[in-house]
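Residue-level listing of the chains:
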Amino acid sequence: MPSMRSIKRRKESVTSTQQITKAMKLVSTVKLQKARAGVEANTPYFEALYKTMCSILSKTWDQDNRFLKEGASDKKAILVMSSNRGLAGGYNSNIVKLIDSYGFDKEKALIYGLGRKGIEGLRRKGYNIVWDESDIINAPLYNDCIAITKELMKRFDAGEIDEIYVAYTDFQNTVTHVPTLRKIIPLSKEDFSPDFLDESESDRNLQMNYGMSGSGIEKDMVVFGSVMDHYHPEEKILNEIIPKYITNIIYGAFLEAIASENAARMQAMDSATENAQDMISSLELQYNRARQGSITQELTEIVAGAEALN
């Protein structure tokens, strides 16, 4: 049996660790609340943008647009959002497992990393890390997402990549966080619901206009009167709004990933705190047993000594 001194030292060490895990849980809770507020604040803009995309694409899906068709390259860019720190349960490893199980050809998959833990995991599995901007994940700004979109679009237009994916963890609630891999380029019809706007609103807000008297509208131009009003040639509309839509998807993924990271860390630290408490209780029991054994041994020695004197 361990000595009373060693048990006491072990208990003090576990108690110190428990205090740290409690503090980390509180910090993660505060950060989670802030991250959830960011997700909620971004939702109205994304919904308005999504409605506008649905209304535009319902009339222009057959356009010969670069964002709607497959490219010539077979390279795939994967924007991976993980964290720079551990102690978050399976948050980072689940993202790595998701990408690795998807079936990408490692020679043709280009990893654009945002988070050191994900980059380290994918590098160990043999993926090609072409871009590391892990500092952005600490406090992402919308301007960062604009810069990322421009970089990806430049490579897409140059034919260096054919498809663009974003891998992040979707925050559903404090307990549930779902690793998600989403293709953002080329656009897919499955991502847009033609019934997102009801029929009466769609008929009222979306119309094609040809040769309207005095309006100056030409035959190759479309008027979109949904949440956002547009009056430009179809190609120009798509080239303007799709990068904005992609930027907001990336920004939303950032917010979801940060909320998921803090929720996962909060949950992990809560479990660690409970485990530390169980260890402390077990050590207290061991200490009491050792103390009781020590007292019993001393009493036995005293009694034996008294009997020897008699």
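Before reading further, recall that the structure is shown in the block above.
Draft legend 1. Region of interest: the sheet that holds strand β5 (residues 177-185). The strand order across the open sheet built from 5 strands is β3-β2-β1-β4-β5, with neighbouring strands paired in mixed fashion. Edge positions in the sheet fall to β3 (128-132) and β5, since each has one partner strand and no second. The mean angle between the axes of side-by-side strands here comes to 25 degrees, regardless of whether they run parallel or antiparallel. Contacting β1 (76-81), β2 (109-114) and β3, helix α3 (residues 116-124) runs over the sheet at an angle of about 160 degrees to β3.

Draft legend 2. Geometry of α3. All buried positions along α3 are accounted for by Gly118, Ile119, Gly121 and Leu122. One side of α3 holds all its buried residues, which, seen down the axis, span an arc of 165 degrees. Following α3 by one or two positions, glycine 126 adopts a phi angle in the positive range, close to 95 degrees.

Draft legend 3. The arrangement of a nonpolar patch on the surface in detail. Residues Ile295, Leu299 and Ile302 make up a contiguous nonpolar surface patch of about 290 Å² in total accessible area. The residue leucine 299 is located in helix α6 (residues 234-309) in this model.

Draft legend 4. Seen up close, the nonpolar core. Formed by 47 residues in total, the largest nonpolar core has its most connected members in Leu79, Met81, Ile148, Ile164, Ile250 and Phe254. Per-element tally for this core: the top contributor is α6, with 14 residues. In this structure phenylalanine 254 touches Met81, Leu114, Ile136, Ile137, Pro140, Cys145 and Ile148, once residues within four positions along its chain are discounted. Within the second largest apolar cluster, 15 residues are counted, among which are Ile95, Ala109, Tyr165 and Ala167.

Draft legend 5. Spatial organisation of the side chain of serine 83. Secondary-structure assignment places serine 83 in the loop between β1 and α2 (91-101). Once residues lying within four places of it in the same chain are set aside, the contact partners of serine 83 are Tyr91, Asn92, Gly115, Arg116, Lys117, Gly118, Glu261 and Arg265.

Draft legend 6. Structural context of the pairing of β3. In terms of strand pairing, β2 meets β3 through 4 bridges, oriented parallel. Looking across to β3, one finds that leucine 110 is bridged to asparagine 128. Each parallel crossover has a hand, and the one from β2 via α3 to β3 is right-handed.

Draft legend 7. Looking closely at helix α4 (residues 142-157). The terminal C-alpha atoms of α4 lie 22 Å apart, and with 16 residues this matches the ideal 22 Å at 1.5 Å per residue to within 8%. Within α4, the full set of buried residues consists of Cys145, Ile148, Thr149, Glu151, Leu152, Met153 and Phe156.

Cut-offs and rules
- Residues numbered from 1 in each chain as written.
- Predicted model: local features only at pLDDT ≥ 70, side-chain atom pairs only at ≥ 80, totals over all residues.
- Heavy atoms only, no water.
- Pairing = 2+ DSSP bridges.
- Helix = DSSP H or I, 4+ residues; strand = E, 2+ residues; numbered from the N terminus.
- Axes fitted to C-alpha atoms, helices over the stretch in contact; angles between N-to-C directions.
- Contact = heavy atoms within 4.5 Å.
- Buried < 20%, exposed > 50% of the residue type's maximum accessible area, 1.4 Å probe, protein only.
- Arc of directions from axis to C-beta.
- Patch = residues over 30% accessible without salt bridge, like charges linked within 9 Å, V, L, I, M, F, W, Y side chains within 5 Å.
- Areas by Shrake-Rupley, 256 points an atom, 1.4 Å probe, with all protein chains shown as cover.
- Salt bridge = Lys/Arg side-chain N within 4 Å of Asp/Glu carboxyl O.
- Core = buried A, V, L, I, M, F, W, Y, C linked by side-chain atoms within 4.5 Å.
- Right-handed = clockwise from strand over helix to strand, strands pointing away.
- Expected span 1.5 Å × (residues − 1).

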